[in-house]
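# Fold and contact review
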Amino acid sequence: LLSNHAENRGGGLYTKGMASLMIQNCEIIGNDAIEGGGLYTDQGSSISLQNLMICENVANKGGGAHFFYTDVDMQTSTIRGNTAQGHHAKGGGLYLDGHYQQLIGVNIEENQVMSNDYCYGGGLYVDSGYPFTLINVNIHTNSAIGDYGAFGGGMYIDQSYTLMFDNVQINRNQ
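As a starting point, this report considers the structure included with it. (Residues numbered from 1 in each chain as written. Predicted model: local features only at pLDDT ≥ 70, side-chain atom pairs only at ≥ 80, totals over all residues. Heavy atoms only, no water.)

On to the sheet that holds strand 5 (residues 58–59). An order of 5-8-12-16 is seen for the 4 strands of this open sheet, with the pairing classed as parallel. At either end of the open sheet lies a strand with only one pairing partner, and these are strand 5 and strand 16 (143–146). In the sheet, strand 8 (residues 83–85) pairs with strand 12 (residues 112–115) via 3 bridges, with the strands oriented parallel. Within strand 12, the residue paired with Ala-84 across the bridge is Val-113. (Pairing = 2+ DSSP bridges. Helix = DSSP H or I, 4+ residues; strand = E, 2+ residues; numbered from the N terminus.)

Take a look at the structure:
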């Protein structure tokens, strides 16, 4: 999924209400939209992602991907060089919003969130309210830059009922 554009959601791919979807061994690069620059999944979806490169995508929420009320199982993937920008931008690399989410063996690096007001989560923005699990995850060299406030250069967690981190490295974020 290379160099696509959407006026609203899912520059590279948009899914809604699918029972389940598996994406593996793919590149999602250079896409843009308002939400989910590379990928946007909507309510009712369950998605399994393996061995992905999600790079250089742009959006206001979820530069690389925005998972909205979607069960997410992401493994052995790289989220790099994505940008969330604009008014109250969130999740330069990923925006995880609702339902069960699990990241295993994922590198989230060199993503940014920037705004002329407030912004949140250079690498990752989480607004779950459901179990959220990170295992063998590296979150590094991401940034949050906001004129009135920038929160969570690496990761911003708005709410989650259950957090589980195992062998998670969060470093060199700003």
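We now examine the pattern of salt bridges. A full pass over the atoms with the stated rule returns 3 salt bridges. With a shortest N-O distance of 3.9 Å, Arg-9 and Asp-42 are connected by a salt bridge. Taken together, the positions of Arg-9 in the segment before strand 1 (13–15) and Asp-42 in the loop between strand 3 (39–41) and strand 4 (46–55) put the pair 33 residues apart, joining distant regions of the chain. On the accessibility criterion, Arg-9 (35% relative accessible area) is partly exposed. Between Glu-109 and Arg-80 there is a salt bridge, with the nearest N and O atoms lying 2.5 Å from each other. Pair noted here: Glu-109 is in strand 11 (residues 101–109) and Arg-80 is in strand 7 (residues 71–80), with a separation of 29 residues, a long-range link. The buried category is assigned to Glu-109, whose relative accessible area is 9%. (Salt bridge = Lys/Arg side-chain N within 4 Å of Asp/Glu carboxyl O. Buried < 20%, exposed > 50% of the residue type's maximum accessible area, 1.4 Å probe, protein only.)

Counting across every chain of the model gives 0 disulfides. Note on Cys-55: no disulfide assigned, nearest cysteine sulfur contributed by Cys-26 at a separation of 13 Å. (Disulfide = S-S within 2.5 Å.)

So, on to a nonpolar patch on the surface. A contiguous nonpolar patch, built from Ile-157, Leu-163, Phe-165 and Ile-170 and spanning about 320 Å² of accessible area, is present on the exposed surface. Top contributing element to the nonpolar patch by residue count: strand 19 (residues 162–171), with 3 residues. With respect to the helices, strands and loops of the structure, Ile-170 is situated in strand 19. (Patch = residues over 30% accessible without salt bridge, like charges linked within 9 Å, V, L, I, M, F, W, Y side chains within 5 Å. Areas by Shrake-Rupley, 256 points an atom, 1.4 Å probe, with all protein chains shown as cover.)

Once that is clear, we can look at the pairing of strand 4. Taken residue by residue, a regular strand's side chains alternate between the two faces of the sheet. Here strand 2 (residues 21–29) pairs with strand 4 via 8 bridges, running parallel. The residue of strand 4 that forms the bridge with Ile-28 is Ile-54. In this structure, strand 4 lies alongside strand 7, joined through 8 bridges in parallel fashion. Among the inter-strand pairings, Ile-47 is bridged to a residue of strand 7, identified as Val-72.

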